[in-house]
Amino acid sequence: MLLKSPPTPMRKPFIAGNWKMYKTIADARALAHGLRSKLDALSDRDVVVCPPFTALAAVAQELQGSSLRWGGQNAHWEREGAFTGDISAHMLADLGCTYAIVGHSERRQVFGETDAMINKRMHGTLAAGLTPIVCIGETLAEREAGKTYAVLERQIKESLAGLNPASTVVVAYEPVWAIGTGQTATPDQAQEAHAFVRKQYAGAYGPPAAQALRILYGGSVKPDNSKFLMEQPDIDGALVGGASLDVESFSKIVRYNL
Ligand code: 13P
């Protein structure tokens, strides 16, 4: 009897916009409205926006009933408490969020967040019923010192520690040297890192979980490079910063193959 190899699992493309600390409520509303008119009902890909906390309620109103989803840019692990300045994953769920970014390199570098703290944020996000988008990535100095894989290995191990393989997370590989610099990783560089991440994940959580894991690339994704990145076998989506702040450019990235 001819034994067929199992079919490669289909990972639904996932394009997320990280609006960072940009957009007033009125501007966020206009952007969400414009994205909805261009991108609603694209059922073969997941489209997510992560506005600043102050604009989440307005964006939720604009996107309610559409196929687009929204998320927070960070999430605290406790449900509530004396944590001035933080927002809990539970509060994000209350706003209808489906996702929360955790471990963004700007949180790690500017605000001193550690892998241990990011791990707590990931668990808190899952406990609130949201899907965490866990960011990892090496700095330029680490890459130049040949430490890229050691850094990714440590970040995966520590940021995701204790993860139940049955839980759904999304991982974003964002090389710090490519963020906001216009210096995108080449599709080959990104693919190599993504394949490494998937292999590490398989080692920790098993091959089926690794095959199902969506790994996003982030760092100067633009309309003119998204298609080439997305063609790579282990690149399942993009986490877009600057180019997600404009209806036309983000829509083009989401429609990379249309
Ligand atoms: P840019 O797309 O502006 O490089 O930002 C990437 C990023 O940090 C997304 O989280």
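Draft legend 1. Up close: the pattern of salt bridges. Applying the stated criterion across every chain yields a total of 16 salt bridges. Lys38 is the salt-bridge partner of Glu248, the closest N and O atoms lying 3.2 Å from each other. Within this pair, whereas Glu248 is found in helix H11 (residues 247-254), its partner Lys38 is found in helix H1 (residues 25-39), the two being separated by 210 residues in sequence. Take Glu248: its relative accessible area is 40%, and that puts it in the partly exposed class.

Draft legend 2. How the structure looks around the packing of aromatic side chains. In total, this model carries 4 aromatic pairs according to the counting rule given. Geometrically, the ring pair formed by Phe14 and Tyr99 is edge-to-face, given 5.1 Å between the ring centres and 90° between the ring planes. Separated by 85 residues along the polypeptide, Phe14 in strand E1 (residues 14-18) and Tyr99 in strand E4 (residues 99-102) bring together distant segments of the chain. With respect to class, Phe14 is no different from Tyr99; both count as buried.

Draft legend 3. Quick peek at the packing of H1 against H11. At a minimum axis distance of 10 Å, the contact between H1 and H11 shows a crossing angle of 35°. The element H1 and its partner H11 pack so that their crossing is right-handed. The segment H1 lies against H11, with Leu31, Gly34, Leu35, Lys38 and Leu39 engaging Val247, Glu248, Phe250, Ser251 and Val254. Here the residues of the contact of H1 with H11 sort into 6 nonpolar, 2 polar and 2 charged.

Draft legend 4. Representation of unusual backbone geometry in the model. Phi is positive for Lys23, which is not a glycine, with a value near 90°. With a relative accessible area of 28%, Lys23 lands in the partly exposed category. A positive phi is found at Ala41, a non-glycine position, where the angle reads about 75°. Classification of Ala41 by relative accessible area gives exposed; the value is 62%.

Rules behind the numbers
Residues numbered from 1 in each chain as written. Predicted model: local features only at pLDDT ≥ 70, side-chain atom pairs only at ≥ 80, totals over all residues. Heavy atoms only, no water. Salt bridge = Lys/Arg side-chain N within 4 Å of Asp/Glu carboxyl O. Helix = DSSP H or I, 4+ residues; strand = E, 2+ residues; numbered from the N terminus. Buried < 20%, exposed > 50% of the residue type's maximum accessible area, 1.4 Å probe, protein only. Phe/Tyr/Trp six-rings, centres within 6.5 Å; stacked < 30°, edge-to-face > 60°. Axes fitted to C-alpha atoms, helices over the stretch in contact; angles between N-to-C directions. Left-handed = near helix turned anticlockwise from the far one by under 90°. Contact = heavy atoms within 4.5 Å. Nonpolar A, V, L, I, M, F, W, Y, C, P; charged D, E, K, R; others polar.

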